[in-house]
Amino acid sequence: MDGSSNGKPDGRADGGAAVAPADPAQALADEWAEETPPPAGPVANLAASLVTTAIGVLGAVTAVGLGLGTPTQPGAGLWPLAISVAVVVLSLAQVVVGRRGGDGEKFSRYSWLSLVGLATLLGLVALLPVIGFEIPALLLSLIWMKFLGGESWRSAVLYSVLVVGVLYGVFVGALGTNVPHLF
Amino acid sequence: MESLQNVAAGFAVVLEPTNLLYCLLGVVIGMLIGVLPGLGPAATIAILLPLTYGVEPVTAIIMLAGIFYGAQYGGTITSVLLRLPGEASSVVTVLDGHALARQGRAGTALGVAAVGSFIGGTVAIVGLTFLAPVVAGFALDFGPPEYAALALLGILLVSTIASGARLKALIAAAIGLLLATVGRDAFTGAERFTFDNLSLADGIDFVPVAMGLFGLGEILYNLEERHRAVHAPGKVANVWPSRKDLKESSGAVTRGSVLGFFLGILPGGGATIASMAAYAAEKKRAKDPSRFGKGAIEGVAGPETANNAAATSSFIPLLTLGIPANATMALMFGALLIQGITPGPQLVTEHPELFWGVVNSMYIGNVLLLIMSIPLVGVFVRILRVRAAILAPVTALITMVGAYTINNSVFDVLLVVVFGAVGYLMKKFGFEPGPLVLAFVLGSLLESSLRRSLLMFDGSAAGFFTRPISATLLVVFVVVAVLPLIRAVRDRRAGGDVAGAPDAGASAKNREEESV
């Protein structure tokens, strides 16, 4: 599908290009285009449009249930219905317009990093009311630095402890907020 | 003149030590995040919103404003040295700024950009001082129909000018409006879209939405992008621009100031568009346009001046009409609402200390930034050595703990994470979060104005066209909405592909894909 971007030529790395291309703006745009991930594609566009359509349909159904009233005496559902209809119409138009799928970004193997990151954030939310923020924050920081960021164990541990210590100092010590803490 | 007295009183507000300190804090943070690629001013302001709860409104806005215009200065540094724009508004600076750096004139480029930014910013503050009270006075007569029309137009313009797919931006905006209806209806008391959840009964707070979509969404996205290594440059040579450099760029700075000022006022305008327009204008004006891209000093001076002027002047619609002109201003709007202040035409008269305090703080902020970006530029360049792998959990944890402190609620933290995931997905699927947040902020104003107008007009929508201002705004709305459709149809008939200059590469790629 993305036959246009199979690896980038080595000679165009930063700094080495001595010969100025004819149009520097175009050259730079091309180079950045090479570096950015390929667009999400038609299937992603269809899926996204269907999701937003579903949101619109759900909104419209709920809005009708709320009561529409009359233009002079609008009910609670009239405005939500109007927007929901707009969402549906725009989404269906997007299905057609975006069928080539030129925007967005394809998921790559690095997208797992974001997913793991999200999971650790949810873990923090779950543990926060139970054991306070220090231990979950330390774990999150370790995972992000070591496994998502590729830091060495030494610097990951060192910086994580430092970060949590500073957060504790700022939010518990200096600002005196009520964030749940163990110590 | 009474307003002159207020201007002077505004200076007294700025010179209070707390405000000076927060101004300094704001511009330093702005400068830092401007230098660091990844987090932009909108994300940073969103993440720091909880910090503003504990301080005076004027202090809070002084700091947030400092972050915004400070980022315009900082973004230049990486554009010139690394060919990596720290901010979207510094993208065009890369072209000539980095070319100059390669010729060993990085200092010249940075120096001229700093001086230009300072002049552009200052000119825009002066313009703001004189124009804002006039606009506010004019807008005092606005009723619900005018506000409804203005909000609609603002949302449409921000969505259509947004980078990326226009239709998707509009969908995002419409969903933002839908999100704003969650909670108790102010008119009938009915609960809407709460799914019997008590935490949703009062509606969704703006802060978790902004922190999630802009802050955490950006952080999650960067986790994936981070494997691209950035190597920090060693030293920056002399940054003091010579008299010759300044003379050569004086014309570009003047034009950039004026252009940036006016583009900043427009809804949907702002620093990014201003910088691109200024670059195009300089290139067009030049006797020898082929110099551009090879180290023309005007190509740095023009855009860098314009983006600062625009960053400043985009406060005008917010502070005088209560309509944010871009996503960052939507965050300012939210920050003011948190403080119990609704921005609008009454702001100048009802809260003169806030209005003039914020405006005048920008003079101080610009002086501070000039100092930081010429003699201290080396210090900020060193920030680039901080590895993203270490910075990412720091920002994420500040966001999470900060989100908790807003209402001491775990539900808020969860909302931030949920909207963070939504923000990440939106980016991956080509939806801009900006229009969503803007529409969300304006949603309740728009709905209540619409409903009040309908009551005024006995339920007839034709009433909007009986009032000159709302009629004009709605005509502009229709033109903006319909024009792209007509253009698309015409282009299709002509058989040509729509290829705007900046995304020529992208459309070429599309064509390639189509043919495969």
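Source: prediction; values computed, not measured.

J.: Which residues make up the overall build of chain B, and what values do they have?
T.: Summing up its helical and strand segments, chain B has 22 helices and two strands in all. Computed over the C-alpha atoms, the radius of gyration of chain B is 23 Å, within 12% of the 24 Å expected from 2.2 N^0.38 for a compact globule of 516 residues. Based on the C-alpha atoms only, the size of chain B along its principal axes is roughly 70 × 65 × 50 Å. The buried share of chain B, reckoned over its 516 residues, is 60%. Counted over contacts in chain B with a minimum sequence separation of 6, partners at least 24 positions apart contribute 80%.

J.: Can you lay out the overall build of chain A for me, pointing to particular residues and giving the numbers?
T.: Counting secondary structure elements, chain A contains six helices and zero strands. Reading chain A from its N end, one meets helices and strands in the order α-α-α-α-α-α. Looking at chain A as a whole, 32% of its 183 residues are labelled buried. Sequence-distant contacts, at least 24 apart, represent 59% of the contacts inside chain A between residues at least 6 apart.

J.: Report on the interface of chain B and chain A, specifying residues and quantitative values.
T.: The interface of chain B with chain A comprises 64 residues on the first partner and 72 residues on the second. For the side of chain B that touches chain A, the secondary-structure elements that each account for two or more residues are helix 5 (93-102), helix 8 (166-180), helix 9 (206-225), helix 18 (388-407), helix 19 (410-428), helix 20 (433-456) and helix 22 (504-515) of chain B. No other element matches the eleven residues that helix 18 of chain B contributes to the side of chain B that touches chain A. Looking at side-chain class alone, the side of chain B that touches chain A contains 38 nonpolar, eleven polar and 15 charged residues.

J.: Describe the confidence of the model for chain A, listing the residues and the values that go with them.
T.: Residues shown with low pLDDT carry predicted positions that ought not to be read at fine detail. Per-residue confidence for chain A averages 82 on the pLDDT scale, and 83% of its residues sit at or above 70. Counting contacts from residues 1-21 of chain A, a segment whose pLDDT is below 50, to residues more than four positions away or on other chains yields 15 contacts.

J.: Could you give an account of the domain arrangement of chain A, naming the residues involved and the relevant values?
T.: In terms of domains, chain A is made up of domain 1 (19-108) and domain 2 (111-174). Taking the mean C-alpha position of each, domain 1 of chain A and domain 2 of chain A sit 34 Å from one another.

J.: I'd like to hear about the environment of Ala-327 of chain B, residue by residue, with values.
T.: Here Ala-327 of chain B shows up in helix 14 (residues 327-338). Ignoring any residue separated from it by four or fewer positions in sequence, one finds Ala-327 of chain B in contact with Ala-42, Gly-434, Val-437 and Leu-438 of chain B.

J.: Can you tell me about the packing of helix 6 (residues 153-174) of chain A against helix 18 of chain B, naming the residues and giving the values?
T.: Between helix 6 of chain A and helix 18 of chain B, the least distance of the axes is 11 Å, while the angle of their chain directions is 25°. In terms of their interaxial angle, helix 6 of chain A and helix 18 of chain B are classed as roughly parallel. Between helix 6 of chain A and helix 18 of chain B lies a crossing of right-handed hand. Between helix 6 of chain A and helix 18 of chain B, the contacting residues are Tyr-159, Val-163, Leu-167 and Phe-171 of chain A on the first element and Ile-390, Pro-393, Val-394, Leu-397, Val-401 and Thr-405 of chain B on the second. Looking at side-chain class alone, the contact of helix 6 of chain A with helix 18 of chain B contains nine nonpolar, one polar and no charged residues.

J.: So what about the environment of Tyr-73 of chain B? Which residues, and what values?
T.: Residues and elements named next belong to chain B. For Tyr-73, the position within the fold is in helix 4 (residues 57-82). Note on Tyr-73: 35 C-beta atoms within 10 Å, which makes it buried. For the pair formed by Tyr-73 and Phe-118, sequence separation is 45 residues and the distance between their alpha carbons is 8.9 Å.

J.: Could you give me a rundown of unusual backbone geometry, with the residues and numbers involved?
T.: Residue and element names in this part refer to chain B. Phi angles above zero are rare outside glycine, and Asp-196 is one such case at about 55°. If you trace the backbone, Asp-196 turns up in the loop between strand 2 (191-192) and helix 9. At Asp-458, a position not held by glycine, the phi torsion is positive, near 55°. Inspection of the secondary structure puts Asp-458 in the loop between helix 20 and helix 21 (468-494).

J.: Go over the nonpolar core, please, and point to the residues and values.
T.: Core analysis: the biggest nonpolar cluster contains 215 residues, and Ala-210 and Val-437 of chain B have the highest contact counts within it. A domain-level breakdown of this core finds at least three residues from each of domain 1 (19-108) and domain 2 (111-174) of chain A. Once you skip the residues sitting within four places of it in the chain, Ala-210 of chain B turns out to touch Ala-46, Leu-49, Leu-331, Gly-334 and Val-437 of chain B.

J.: How would you explain helix 4 (residues 111-131) of chain A if you had to name every residue and give the values?
T.: Between its first and last C-alpha atoms helix 4 of chain A spans 30 Å; for 21 residues at 1.5 Å apiece the expected length is 30 Å, and the two agree. Burial in helix 4 of chain A covers these residues: Leu-113, Ser-114, Gly-117, Thr-120, Leu-121, Leu-124, Val-125 and Leu-128 of chain A. Its buried side turned inward, helix 4 of chain A meets helix 5 (134-148) of chain A together with helix 9, helix 18 and helix 19 of chain B. Phi turns positive one or two residues past the end of helix 4 of chain A, at Gly-132 of chain A, with a value near 80°.

J.: Hey, could you go over the packing of helix 3 (residues 78-97) of chain A against helix 8 of chain B for me, with residue numbers and the actual values?
T.: Between helix 3 of chain A and helix 8 of chain B, the shortest axis-to-axis distance is 9 Å and the interhelical angle comes to 160°. On the basis of their axis angle, the class for helix 3 of chain A and helix 8 of chain B is roughly antiparallel. Seen along the crossing, helix 3 of chain A lies across helix 8 of chain B with a hand that is left-handed. Along the contact surface, helix 3 of chain A presents Pro-80, Ile-83, Ser-84, Ala-86, Val-87, Leu-90, Ser-91, Ala-93, Gln-94 and Val-97 of chain A, while helix 8 of chain B presents Leu-167, Lys-168, Leu-170, Ile-171, Ala-174, Ile-175, Leu-177 and Leu-178 of chain B. Classifying every residue of the contact of helix 3 of chain A with helix 8 of chain B gives 14 nonpolar, three polar and one charged.

J.: How would you explain the environment of Val-27 of chain B if you had to name every residue and give the values?
T.: All names here are of chain B. Relative to the assigned elements, Val-27 resides in helix 2 (residues 17-35). For the pair Val-27 and Pro-144, spaced 117 residues apart in sequence, the C-alpha separation works out to 37 Å. Beyond its immediate chain neighbours, meaning those up to four positions away, Val-27 contacts Gly-66, Gly-70, Gly-365, Leu-368 and Leu-369.

J.: Describe the confidence of the model for chain B, naming the residues involved and giving the relevant values.
T.: Residues and elements named next belong to chain B. On average, chain B scores 85 in pLDDT, and the residues at 70 or more come to 92%. At the low end of the mean pLDDT range in chain B sits helix 22, at 32; at the high end sits helix 19, at 94. A low-confidence stretch, residues 496-516 (pLDDT under 50), is modelled with 23 contacts involving residues beyond four sequence positions or located in other chains. Here the complex is predicted with pTM 0.85, and the ipTM for its interfaces comes to 0.84.

Basis of the calculations
- For every chain, the first residue of its written sequence is number 1, and the numbers climb from 1 along that sequence.
- Throughout, the order in which chains and ligands are written sets their labels, letters from A for the former and numbers from 1 for the latter.
- For a predicted model such as this one, the threshold for reporting local features is a pLDDT of at least 70, and the threshold for listing and counting side-chain atom pairs is 80 or more; totals across whole chains, interfaces and linings nevertheless cover every residue.
- By the criteria applied, helices consist of DSSP H or I runs no shorter than four residues and strands consist of E runs no shorter than two, each listed in order from the N terminus.
- Note that the radius of gyration is over C-alpha atoms, with the globule rule given as 2.2 Å times the number of residues to the power 0.38.
- Once C-beta atoms are placed from the backbone, each residue is buried if 20 or more other C-beta atoms lie within 10 Å of its own, exposed if 12 or fewer, and partly exposed for counts between those two.
- With C-beta atoms placed from the backbone, a contact is any residue pair whose C-beta atoms sit within 7 Å.
- Under the grouping applied here, Gly and all other residues not named as nonpolar or charged are polar, the nonpolar ones being Ala, Val, Leu, Ile, Met, Phe, Trp, Tyr, Cys and Pro and the charged ones Asp, Glu, Lys and Arg.
- Summary of the metric used: pLDDT quantifies the predictor's per-residue confidence within the range 0 to 100.
- Either an automatic procedure or a domain database provided the assignment from which the domain bounds are taken.
- Whenever a helix is involved, its axis is fitted only over the stretch in contact; in every case the axis is a line through C-alpha atoms, and angles between N-to-C directions fall within 0 to 180 degrees.
- Working definition: roughly parallel below 35 degrees, roughly antiparallel above 145 degrees, roughly perpendicular at 65 to 115 degrees, and oblique for all remaining angles.
- Each crossing gets its handedness from the near helix: less than a right angle anticlockwise from the far helix is left-handed, clockwise is right-handed.
- Note on terminology: a nonpolar core is any set of buried Ala, Val, Leu, Ile, Met, Phe, Trp, Tyr and Cys residues joined through C-beta atoms within 7 Å.
- One less than the number of residues in a helix, times 1.5 Å, gives the span that helix is expected to have.

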